[in-house]
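# Architecture and fold: a report
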2 protein chains.
Amino acid sequence: MTYTIKEAAKKTGLSIYTLRFYDKSGLLPFVARNASGYREFTDGDLQLLHTICCLKNTDMKIADIRTYITYVMQGPDTVKQRQALLAKHREKVVAKQAQLAQNLQEIDYKLDMYRAPDAVARVKDELRLAKADKLLAGLADPFQATH
Amino acid sequence: MTYTIKEAAKKTGLSIYTLRFYDKSGLLPFVARNASGYREFTDGDLQLLHTICCLKNTDMKIADIRTYITYVMQGPDTVKQRQALLAKHREKVVAKQAQLAQNLQEIDYKLDMYRAPDAVARVKDELRLAKADKLLAGLADPFQATH
DNA sequence: GCTTGCCCTAGAGCGTGCTCTAGGGTTTAT
DNA sequence: ATAAACCCTAGAGCACGCTCTAGGGCAAGC
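Predicted model only: the values in this text are computed from it and were never measured. Along each chain, residue indices are assigned from 1 in the same order as the chain's sequence is written. Starting at A for chains and at 1 for ligands, labels are handed out in the order in which the entities are written. Residues qualify for local features only when their pLDDT is at least 70, as the model is predicted, and side-chain atom pairs are given and counted only at 80 or more; totals for whole chains, interfaces and linings, by contrast, use all residues. Working from all heavy atoms in the structure, the side-chain values ignore hydrogens and water.

## Quick word on the packing of helix H5 (residues 79-115) of chain A against helix H5 (residues 79-115) of chain B
Relative to each other, H5(A) and H5(B) sit at 160°, their axes nearing to 9 Å. Classified by the angle between their axes, H5(A) and H5(B) sit roughly antiparallel to one another. Classified by chirality, the crossing of H5(B) by H5(A) is left-handed. The residue classification treats Ala, Val, Leu, Ile, Met, Phe, Trp, Tyr, Cys and Pro as nonpolar and Asp, Glu, Lys and Arg as charged. All others, Gly included, are polar. A breakdown of the residues in the contact of H5(A) with H5(B) according to their chemical character gives 22 nonpolar, six polar and twelve charged. To get an axis, fit a line to the C-alpha atoms, keeping to the stretch in contact for a helix; angles then go from 0 to 180 degrees between the N-to-C directions. Per the convention used, a helix needs a DSSP run of H or I reaching at least four residues, while a strand needs a run of E reaching at least two, with both numbered from the N terminus. To sort the angles, those under 35 degrees are grouped as roughly parallel, those over 145 as roughly antiparallel, those from 65 to 115 as roughly perpendicular, and the leftovers as oblique. Crossing handedness follows the turn of the near helix against the far one: under a right angle anticlockwise gives a left-handed crossing, and clockwise gives a right-handed one.

This is the structure in structure tokens:
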């Protein structure tokens, strides 16, 4: 009922290199070794790895993930610390979500413009304004106007 | 009606270093120089910089932003290319949003557990299962159980 | 005219997260 | 018993996005 590193890599979608790197970085202290020094991943290990990926995918730093894993290894006494760490991280994720949503709106605004029937006219207008700005400031026009 | 690099930095929230780095990287071909070689940012430049930040904040690679800016510099003929580039990027952003939402759910699940009145009991249970996995596989228990 | 504070470039350095190489042992199948 | 396919570590290397240093010029106030 254990998996080799290759199997674990396949199941997690991480590369073998990454798994070893994570282990080296102290993220996988729970992974046991067999008599030959080979890693043996249990299902429980994969669950923990899943949590690690979850934190990594939300841009938690390796060092912070290590802190979290250290708490987990220390048992139920560290529930409060885990909660504090995750709560702080949660706020960052929510903030990132908000920023992403806002930026997406702006990208969509541009996309709508480019997709509109009068896209070329609107882009020409934008360009005209930018050029006017330059002119007003007595600066050279950097745009390669071919029309 | 122009801004120095310091003012542009303040207005964009980027460091002066970053602005110069972006310029070096080909992201700011539109920024003019005065007789002394100093950069002069117009309001139009700041708008373009805003777009650049938007793309950067949604994890577009510098090289791809440069491609986009190159299109912009080439004028209205490149509307189709801009659209294709942004459309592709949009999909990545949407995918990232979905992943973030999913990961947030999992973080919230953990947080709920840690915040529950019976948090310690539930964590102990989790731990018990992980230990059982190890035992079943004939592996050592890596958890520092102090209870 | 001198100080202070700004601007410039080129290029080195750094932090993060992998990714790969070299060198070597283990396991499995034939 | 040998080949093929796996495993290991240590450490080098790489990609990216800055960040800073060195060395030097420009501008404004006293």
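## Describing the pattern of salt bridges
Where charged atoms of side chains with opposite charge meet at close range, the side chains can pair. Note on definitions: salt bridges are taken to be side-chain nitrogens of Lys or Arg within 4 Å of carboxyl oxygens of Asp or Glu. Going through the model one piece at a time under the given rule, you end up with 16 salt bridges over all chains. Salt-bridge contacts for Asp23(B) lead to Arg39(B); the nearest nitrogen and oxygen are separated by 2.6 Å. Remark: Arg39(B) occurs in strand E2 (residues 39-40) and Asp23(B) occurs in helix H2 (residues 16-24); sequence separation between them is 16 residues. For Asp23(B), a relative accessible area of 15% translates into the label buried. Exposed residues in this analysis have more than 50% of their type's maximum accessible area, buried residues have under 20%, and partly exposed residues fall in between, with area computed by a 1.4 Å probe over protein chains only. Its relative accessible area of 18% is what places Arg39(B) among the buried residues. The partner of Asp125(B) in a salt bridge is Arg128(B), with the nearest N and O atoms 3.2 Å apart. Linking Asp125(B) with Arg128(B), this pair stays in helix H6 (residues 119-136), spanning three residues, or about one helical turn. Each of Asp23(A), Arg33(A) and Arg39(A) takes part in one network of salt bridges that share partners.

## Let's talk about the protein's contact with DNA strand C
We call a residue near a molecule or strand whenever a single non-hydrogen atom of that residue lies within 4 Å of it. Near DNA strand C, the surroundings consist of 20 residues, among which Tyr22(A), Ser36(A), Tyr38(A), Arg20(B) and Arg39(B) are the closest. Counted as a polar contact is a pair of N or O atoms within 3.5 Å, where, for protein atoms, one must be capable of donating a hydrogen and the other of accepting one, and residues adjacent in sequence contribute only when both atoms are in side chains. The contact in question runs from a phosphate oxygen of DNA strand C to an N or O atom on the side chain of Lys6(B), over 2.7 Å. In this structure, a phosphate oxygen belonging to DNA strand C sits 2.8 Å away from a side-chain N or O atom of Arg33(B). Those elements giving two or more residues to the surface near DNA strand C turn out to be helix H2 (16-24) of chain A together with helix H1 (5-12) and H2 of chain B. Broken down by element, the surface near DNA strand C gets its largest block of residues, four residues, from H2(A). A breakdown of the residues in the surface near DNA strand C according to their chemical character gives eight nonpolar, five polar and seven charged.

## Some remarks on the relation of the copies chain A and chain B
When chain A is fitted to chain B, the best match, at an RMSD of 0.1 Å, comes from turning it 180° and sliding it 0.0 Å along the axis. Here the copies are linked by what is in effect a two-fold axis. Distance from the rotation axis, computed per C-alpha, reaches its smallest value in chain A at Gln97(A): 3.5 Å. Contact between two residues is taken to exist if any of their heavy atoms lie within 4.5 Å; hydrogens are not considered. Take the interface residues of chain A: 100% of them recur as interface residues in chain B, which is what a same-surface contact looks like. Alignment of copies: least-squares fit on C-alpha atoms of residues with pLDDT of at least 70 in both copies.

## Considering the UniProt feature "domain: HTH merR-type" (unreviewed entry) in chain A
UniProt's entry tags residues 2-71 of chain A with the feature "domain: HTH merR-type" (unreviewed entry), counted in the numbering of this structure. In this annotation, residues 2-71 of chain A is assigned 60% helix and 6% strand; the end-to-end C-alpha distance for the span is 24 Å. UniProt positions are given in the numbering used here, feature names are shortened, and annotations may be inferred rather than shown by experiment.

## Side note on the interface of chain A and chain B
Interfaces are frequently sized by the accessible area removed from exposure as the parts join. At the junction of the two partners, chain A supplies 64 residues and chain B supplies 65 residues. A quick way to say it: buried area is the sum, across both parts, of accessible area lost when two parts are put together, with a 1.4 Å probe. For the pair chain A and chain B, the two sides together bury roughly 5500 Å², of which 65% comes from carbon and sulfur. Contact with chain B buries area across many residues of chain A, yet Pro76(A), Leu100(A) and Tyr114(A) alone supply 11% of it, more than any other trio. Summed over the shared surface of chain A and chain B, the result is four salt bridges. In this structure, the salt-bridge partner of Lys134(B) is Asp45(A), at a minimum N-O distance of 2.9 Å. For the interface between chain A and chain B, the tally reads 20 residue pairs in polar contact (both at pLDDT 80 or more).

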